Amino acid sequence: MNKFLGYILTPVFYFFFFLTLIIFQPVQWVCFRLFGYKAHKVSVDYLNFFLTYCQIFLGNSITFLNQQDLPTDRPIIFVANHQSMYDIPGIIWFLKKHHVKFISKIELTKGIPSISFNLKYGGGANINRKDSKQAVSEIIKLGRRMKDNNWSAMIFAEGTRAKDGLMKPFHVGGIATLLKAAPDALIVPIAIENSWKIVQYGAFPLSCGEKIRWTVLPPVPTAGLNPEELTLAAEQAIRKFLKQ
């Protein structure tokens, strides 16, 4: 039934999803060019509000659970499992007070309405995966911006999407590099559930009636732990929550 409904509802979802991207492209431009970072960030926040709740056109539910009292005066490295592109808008919207930035492929800074503009000017790290020196340099610059502005970063430490929902081992590289520039950053795991089901049949049809959930888990105690141990602790916390 989820797949059958997807044939009917997926075009509706895509219409409103891409309409949102097109509308917010000039909105972002005006906010950034005329009013600067703060206004641009507000426009990005509301872009991702609408992208998140476009899921209603598929009959998918959205639940974001955050019972942690997280600081806003300290950089945070959020570490999550990764299931689909639909993981991202909810993180930006629901964690908007933490100014969450992403590490993205540099290719995404061109050609995608709204998303490319935000990646280019929003303060994240855009890396060339074929140039390790450039990638490390960009991540270190992001770490410095985090330290200077009390921003946060989102790391999908598996390095790719788990298309069947089963977690892959976490990689330490991105976390270790950020910690070099922002050594006081707090490590906070996020468990993502069921977003892989949206694309279980591919880009068309999308699946309907799924329960998408993000759960912010307790911060990882950092005292005496190196980046490898911190990464493993975050991975284990998410695996335990997801019962994997």
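Source: prediction; values computed, not measured.

**Student:** Describe a nonpolar patch on the surface, with residues and values.
**Tutor:** Together, M1, F4, L5, Y7, I8 and F204 line one region of the surface with nonpolar side chains, adding up to about 670 Å² of accessible area. Inspection of the secondary structure assignment puts M1 in the segment before α1 (2-35).

**Student:** Quick rundown of a positive patch on the surface? Include the residues and the values.
**Tutor:** A grouping of K105, R129, R161, K163 and K168 is seen on the molecular surface, where their side chains present a positively charged patch. Topologically, K168 is positioned in the loop between β5 (152-156) and α6 (173-181).

**Student:** Describe unusual backbone geometry, and please don't skip the residues or the numbers.
**Tutor:** Note the cis peptide between F204 and P205, where omega equals -5°. Assignment of secondary structure puts P205 in the loop between α7 (195-198) and β7 (211-216). The phi dihedral of N150 is positive, around 55°, even though this residue is not glycine. For N150, the position within the fold is in the loop between α5 (132-149) and β5. Residue N150 is classed as partly exposed on the basis of its relative accessible area, which comes to 28%.

**Student:** Report on the pairing of β7, specifying residues and quantitative values.
**Tutor:** Pairing of strand β1 (residues 61-66) with β7 involves six bridges; the strand directions are parallel. Residue S61 lies in a different strand from β7, and its bridge partner there is K211. Sheet analysis places strand β6 (residues 186-193) next to β7, joined by four bridges and oriented antiparallel. Paired with E193 across the strands is R213, a residue of β7.

**Student:** Could you give an account of the packing of aromatic side chains, naming the residues involved and the relevant values?
**Tutor:** Within this structure, the stated rule accounts for 23 aromatic pairs. An angle of 40° between the planes, with centres 6.0 Å apart, marks the rings of F24 and F50 as tilted. Taken together, the residues span a long stretch of sequence, with F24 in helix α1 and F50 in helix α2 (residues 37-53) at a distance of 26 residues. Within the aromatic cluster, the residues linked to one another by ring pairs are F24, Y46, F49, F50, Y53, F64, W93, F94 and W214.

Rules of the game
Residues numbered from 1 in each chain as written. Predicted model: local features only at pLDDT ≥ 70, side-chain atom pairs only at ≥ 80, totals over all residues. Heavy atoms only, no water. Patch = residues over 30% accessible without salt bridge, like charges linked within 9 Å, V, L, I, M, F, W, Y side chains within 5 Å. Areas by Shrake-Rupley, 256 points an atom, 1.4 Å probe, with all protein chains shown as cover. Salt bridge = Lys/Arg side-chain N within 4 Å of Asp/Glu carboxyl O. Helix = DSSP H or I, 4+ residues; strand = E, 2+ residues; numbered from the N terminus. Lys, Arg positive; Asp, Glu negative; His and termini not counted. Charge placed at Lys NZ, Arg CZ, Asp CG, Glu CD. Buried < 20%, exposed > 50% of the residue type's maximum accessible area, 1.4 Å probe, protein only. Pairing = 2+ DSSP bridges. Phe/Tyr/Trp six-rings, centres within 6.5 Å; stacked < 30°, edge-to-face > 60°.

The values are spatial; any link to function lies outside them.
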